[in-house]
Amino acid sequence: YADAFALILDRLGIRNFKVSSENHIWNVVYIDNGWLHIDSTWDDDENNINNRDNFYMINTKKLYELDTVEHTFDKESYLELK
């Protein structure tokens, strides 16, 4: 998901990068002068009915409010997300 989504964002000219934790990868996009997380895997209705729209266009604070297991990442490696 993250790779395909990054290709689409690149094609549209939207600044983005992928973030990885120990077990998971998701995307971050630059919109309205800020970086926001988008996890297209967790927002897939087929796979995660209970997470519908929870991980779409959220800041890092909200990401950690929703999940601190799969979405924990090294903030020193992603300075934009501090």
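Residues numbered from 1 in each chain as written. Predicted model: local features only at pLDDT ≥ 70, side-chain atom pairs only at ≥ 80, totals over all residues. Heavy atoms only, no water.

Q: It is not clear to me how the nonpolar core should be interpreted in this structure. Could you clarify?
A: Proteins that are soluble and globular tend to have nonpolar side chains buried together. With 12 residues, the main nonpolar core is built from Phe 17, Val 19, Trp 26, Val 28, Trp 35, Trp 42, Phe 55, Ile 58, Leu 63, Phe 73, Tyr 78 and Leu 81. Among the secondary structure elements, those contributing two or more residues to this core are β1 (16–20) and β2 (25–31). For Leu 63, the residues in contact, after removing those within four places along its chain, are Trp 26, His 37, Phe 55, Ile 58, His 71 and Phe 73. Leu 9, Val 29, Leu 36 and Ile 38 belong to the second largest nonpolar core, which has five residues in total. (Core = buried A, V, L, I, M, F, W, Y, C linked by side-chain atoms within 4.5 Å. Buried < 20%, exposed > 50% of the residue type's maximum accessible area, 1.4 Å probe, protein only. Helix = DSSP H or I, 4+ residues; strand = E, 2+ residues; numbered from the N terminus. Contact = heavy atoms within 4.5 Å.)

Q: Would you take a moment to explain the sheet that holds β2 for this structure?
A: Sheets are built from strands paired through backbone hydrogen bonds, the pairs being either parallel or antiparallel. Strand order in the open sheet formed by four strands is β1-β2-β3-β4, with antiparallel pairing between adjacent strands. Only two strands of the sheet have a single partner each, and these edge strands are β1 and β4 (56–58). The sheet shows a mean angle of 35 degrees between the axes of neighbouring strands, taken without regard to direction. (Pairing = 2+ DSSP bridges. Axes fitted to C-alpha atoms, helices over the stretch in contact; angles between N-to-C directions.)

Q: Honestly, the pairing of strand β3 (residues 34–38) in this entry has me stumped. Any pointers?
A: Strand residues, when the strand is regular, have side chains that alternate between the two faces of the sheet. Within β3, five of the five residues are buried, which leaves it mostly tucked inside the rest of the structure. Burial of the side chains of β3 extends over both faces: Gly 34, Leu 36 and Ile 38 are buried on one face and Trp 35 and His 37 on the other. The turn joining β2 and β3, which pair antiparallel and follow one another in sequence, is formed by two residues; a positive phi near 50 degrees is taken by Asp 32. In terms of strand pairing, β3 meets β4 through two bridges, oriented antiparallel. Residue His 37 lies in a different strand from β4, and its bridge partner there is Ile 58.

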